[in-house]
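Listed below are the residues making up each chain.
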Amino acid sequence: ETIYILNGPNLNLLGKRQPEIYGYDTLADVEAACAEVAEAAGYAIRLLQSNWEGQIIDWIHEARNDAVGIVINPAAFTHTSVAVLDALNTFEGPVLEVHISNVHKREAFRHHSYVSLRADGVIAGFGTEGYALAVRRMVSLLG
Ligand code: DQA
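Since the structure is predicted, the reported quantities are computational estimates derived from the model, not experimental observations.

Calculation rules
- Residues numbered from 1 in each chain as written.
- Predicted model: local features only at pLDDT ≥ 70, side-chain atom pairs only at ≥ 80, totals over all residues.
- Core = buried A, V, L, I, M, F, W, Y, C linked by C-beta atoms within 7 Å.
- Buried ≥ 20, exposed ≤ 12 C-beta atoms within 10 Å, placed from the backbone.
- Helix = DSSP H or I, 4+ residues; strand = E, 2+ residues; numbered from the N terminus.
- Pairing = 2+ DSSP bridges.
- Axes fitted to C-alpha atoms, helices over the stretch in contact; angles between N-to-C directions.
- Contact = placed C-beta atoms within 7 Å.

Asker: Explain the nonpolar core to me, please; I cannot follow it from the model alone.
Answerer: The nonpolar side chains of a soluble globular protein tend to be buried with one another. If you look at the biggest cluster of nonpolar residues, it comprises 36 residues, and the most contacted ones within it are Ile-3, Cys-34, Ile-70, Val-71, Tyr-131 and Val-135. Listing elements by their share of this core, those giving two or more residues are β1 (2-7), α2 (27-40), α3 (53-66), β3 (69-73), α4 (82-88), β4 (95-99) and α5 (129-142).

Written as structure tokens, this is what we have:
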């Protein structure tokens, strides 16, 4: 059973991109941390990243048949994408939203999330540790 961990635009640069905000861990580090938590509980993970909104949507559609839960950091699409929200609304399992930074401490345009209308929980401002915490919670939700 697989938990999808989806990442939106610019997160391929994690570790190099504005490290004062997002830290120095890379997406590979995030993947290792999430795999450890998931595998200990008997789940697999599939961590994916795209800069393309349509690709994220296609992966959410794939998740409908392939994943038991979705952890998603939609990055900037959080604040803009009705299409990502609509796609998540076609998924029947738990959805958890992750933001590395505390979006509520930042610009007002980051305070609104379309994805939060679907998410069963949100983690923001826990740095890259938030991903493994979200996977931990996902395991509990999947019970
Ligand atoms: C982010 C916060 C978003 O506002 C921003 O556009 C990102 C990353 C975060 O993880 O803190 O790209 O989702």
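Read on, since the account is not over.
Asker: Is there a simple way to think about the sheet that holds strand β2 (residues 44-49) in this case?
Answerer: Pairing between the strands of a sheet is mediated by backbone hydrogen bonds and can be parallel or antiparallel. Reading across the sheet, the five strands line up as β2-β1-β3-β4-β5 and stay open at both edges, with parallel pairing between neighbours. At either end of the open sheet lies a strand with only one pairing partner, and these are β2 and β5 (121-124). Averaged over neighbouring strand pairs, the angle between their axes works out to 15° when direction is ignored. Judged from the four bridges that link them, β4 and β5 form a sheet pairing that is parallel. Note on β5: the bridge partner recorded for Val-98 is Ile-123. Packed on one face of the sheet, α3 meets β1, β2 and β3 and runs near 175° to β1. This element, α5, spans β1, β3, β4 and β5 of the sheet and lies at about 160° to β3.

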